[in-house]
Amino acid sequence: MALNKNKDLKLFYSISEVAAMFNVSETLLRFWEKEFPNIRPTKAGRGIRQYTKEDIDEVRHVFHLVKERGMTLEGARKAMRHDKAGTNTKIEVIDRLKGIRDELQAINRELNGLV
C-alpha cells in the first residue's frame, strides 16, 4: 500500500504553517486568537499551538475581512456574528476564482512558449 501524500489528511497544522498559508506573521495569528474567540487552536505540550481545519477556516474568515476587505477588528467581529454564512460563500467563490485565474495564467504561459 502506497503512502498517500495528500495534505488534506493532516489533522493539525503548526502556527508557522498557518502563518505561511496566509503570508502573515505568527505574532498576528496570536493577536487574532485574543481578539476573535472563534480562533482557538489546541495547545500541545510546552504550549505549542495545533490548528485544525476549522481553526484555519476561522483564520481565513478573519483574514478576508481584515486584510482583503480592510475592515477594522470591531467591524470584522460584527460581520462574523451577523453574516457568517454569506461571508464564507464569498470567500469560497474568491478562492475558486483565484484558482481559475492561476490555471488560465499557466495555460497562457504555455501557449506563449509555443509561439
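Residues numbered from 1 in each chain as written. Predicted model: local features only at pLDDT ≥ 70, side-chain atom pairs only at ≥ 80, totals over all residues. Heavy atoms only, no water.

Remarks on the packing of helix α1 (residues 15-22) against helix α2 (residues 26-35)
In the contact formed by α1 and α2, the axes pass within 9 Å of each other and the chain directions differ by 100 degrees. When the interaxial angle is binned, α1 and α2 end up roughly perpendicular. Seen from α1, the contacting residues are I15, S16, V18 and A19; seen from α2, they are E26, L29 and R30. Split by residue class, the contact of α1 with α2 holds 4 nonpolar, 1 polar and 2 charged. (Axes fitted to C-alpha atoms, helices over the stretch in contact; angles between N-to-C directions. Helix = DSSP H or I, 4+ residues; strand = E, 2+ residues; numbered from the N terminus. Parallel < 35°, antiparallel > 145°, perpendicular 65-115°, else oblique. Contact = heavy atoms within 4.5 Å. Nonpolar A, V, L, I, M, F, W, Y, C, P; charged D, E, K, R; others polar.)

Some thoughts on a nonpolar patch on the surface
Taken together, the side chains of V93, L97, I100, L104, I107, L111 and L114 present a nonpolar region at the surface, about 700 Å² in accessible area. With respect to the helices, strands and loops of the structure, I100 is situated in helix α5 (residues 84-114). (Patch = residues over 30% accessible without salt bridge, like charges linked within 9 Å, V, L, I, M, F, W, Y side chains within 5 Å. Areas by Shrake-Rupley, 256 points an atom, 1.4 Å probe, with all protein chains shown as cover. Salt bridge = Lys/Arg side-chain N within 4 Å of Asp/Glu carboxyl O.)

So, the packing of α2 against helix α3 (residues 53-68)
Packing of α2 against α3 leaves a shortest axis separation of 12 Å and a crossing angle of 100 degrees. Between α2 and α3, the interaxial angle falls into the category roughly perpendicular. Of the residues in α3, those touching α2 at L28, L29 and W32 are V59, V62, F63, V66 and K67. The residue makeup of the contact of α2 with α3, split by class, is 7 nonpolar, no polar and 1 charged.

Digging into the nonpolar core
Residues V18, L29, W32, Y51 and V59 are the most contacted members of the largest nonpolar core, which totals 21 residues. Looking at this core, the elements with two or more residues in it are α1, α2, α3 and α4 (73-82). Top contributing element to this core by residue count: α3, with 6 residues. For Y51, the residues in contact, after removing those within four places along its chain, are L11, F12, Y13, S14, I15, V18, L29, E33, I39, P41, I56 and V59. (Core = buried A, V, L, I, M, F, W, Y, C linked by side-chain atoms within 4.5 Å. Buried < 20%, exposed > 50% of the residue type's maximum accessible area, 1.4 Å probe, protein only.)

Points about the environment of A76
Inspection of the secondary structure puts A76 in helix α4. Since its relative accessible area comes to 0%, A76 is described here as buried. Along the backbone, A76 and F36 are 40 residues apart, and their C-alpha atoms lie at a distance of 9.1 Å. Once you skip the residues sitting within four places of it in the chain, A76 turns out to touch F36, L65, V66 and M71.

A word on the side chain of D55
In this fold, D55 is placed in helix α3. With no salt bridge to any partner, buried D55 finds its closest opposite charge in R40, at an N-O distance of 8.2 Å. Polar side-chain contacts of D55 include one of 3.0 Å to the backbone nitrogen of T52. When neighbours within four sequence positions are excluded, D55 is seen to be in contact with N38, R40, P41 and Q50. (Lys, Arg positive; Asp, Glu negative; His and termini not counted. Polar contact = N/O pair within 3.5 Å; in protein donor to acceptor, adjacent residues only side chain to side chain.)

Section: the packing of aromatic side chains
Summed over all chains, the structure comprises 1 aromatic pair. Here the aromatic rings of F22 and F63 are separated by 5.5 Å at their centres, their planes lie at 45 degrees, and the arrangement is tilted. Of this pair, F22 sits in helix α1 while F63 sits in helix α3, placing them 41 residues apart in sequence. Take F63: its relative accessible area is 16%, and that puts it in the buried class. Lying over the aromatic face of F36, R77 brings its terminal NZ or CZ to 5.7 Å of the ring centre. (Phe/Tyr/Trp six-rings, centres within 6.5 Å; stacked < 30°, edge-to-face > 60°. Lys NZ or Arg CZ within 6 Å of the ring centre and 35° of its normal.)

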